[in-house]
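Here is what each chain is made of, one letter per residue.
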Amino acid sequence: MVIAADGLRSDARSRWGLDRDVRYAGYTAWRGVTASRGHLANEAGETWGRGARFGIVPLPDDRVYWFATLSTPPGTQFDDDHETLRGRFGSWHRPISDLIEATPEGAVLRHDIYDLA
Ligand SMILES: Cc1cc2nc3c(=O)[nH]c(=O)nc-3n(C[C@H](O)[C@H](O)[C@H](O)COP(=O)(O)OP(=O)(O)OC[C@H]3O[C@@H](n4cnc5c(N)ncnc54)[C@H](O)[C@@H]3O)c2cc1C
């Protein structure tokens, strides 16, 4: 038995002829973890807008994980992640902009999202 657990673009699956196409999910995603400071996020939730979503997940140790998605063509480049997030989500309900501002620029990840076809 061979278990190929090396991710979406698996070398092992490909080597064993089990490869499947990856397909773009239609959106890019930013992710961050920041301190909740006891008040930023006590509840998990996801807010939907036109072509965009924002999710909040409280973590242990007074931290909070958040993600933001935006429907964009694959490979779209953004010069400044914080500026883009402020422009797209800054007017959404609290604590969304507080979470973005509380997360240092270097701690924000962005990836185009793919899954197996
Ligand atoms: C933004 C985002 C949010 C998500 N949210 C959720 C969620 O809420 N719930 C959920 O269920 N899923 C979620 N997912 C999906 C979930 O993360 C993936 O489905 C899951 O991580 C896939 O697991 P995996 O073990 O197949 O691959 P991976 O997690 O990609 O793990 C593969 C591992 O193999 C290693 N590797 C690769 N090649 C080699 C090699 N040659 N030798 C040794 N090691 C190698 C890699 O370094 C990696 O550590 C999310 C994904 C993203 C991007």
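Computed from a prediction, not measured in an experiment: that's the story for all the values here.

A. Examining the pattern of salt bridges more closely. Here the structure, examined in full by the defined rule, presents 6 salt bridges. Note that R94 is salt-bridged to D98, the shortest N-O span being 2.9 Å. Of the residues examined, R94 reaches a relative accessible area of 68% and is grouped as exposed. Residue classification places D98 among the partly exposed positions, given a relative accessible area of 24%.

B. Up close: the packing of aromatic side chains. Evaluated as defined, the whole model comprises 6 aromatic pairs. For the ring pair Y65 and F67, a centre distance of 6.0 Å and an interplane angle of 40° mean the geometry is tilted. Taken together, the aromatic side chains of F54, W66, F89 and W92 make up a single cluster linked through ring pairs. Sitting above the plane of the Y114 ring, R9 keeps its charged end 4.9 Å from the centroid. One Lys or Arg, R53, reaches over the ring of Y27 and ends 5.1 Å from the middle of that ring.

Criteria and cut-off values
Residues numbered from 1 in each chain as written. Predicted model: local features only at pLDDT ≥ 70, side-chain atom pairs only at ≥ 80, totals over all residues. Heavy atoms only, no water. Salt bridge = Lys/Arg side-chain N within 4 Å of Asp/Glu carboxyl O. Buried < 20%, exposed > 50% of the residue type's maximum accessible area, 1.4 Å probe, protein only. Phe/Tyr/Trp six-rings, centres within 6.5 Å; stacked < 30°, edge-to-face > 60°. Lys NZ or Arg CZ within 6 Å of the ring centre and 35° of its normal.

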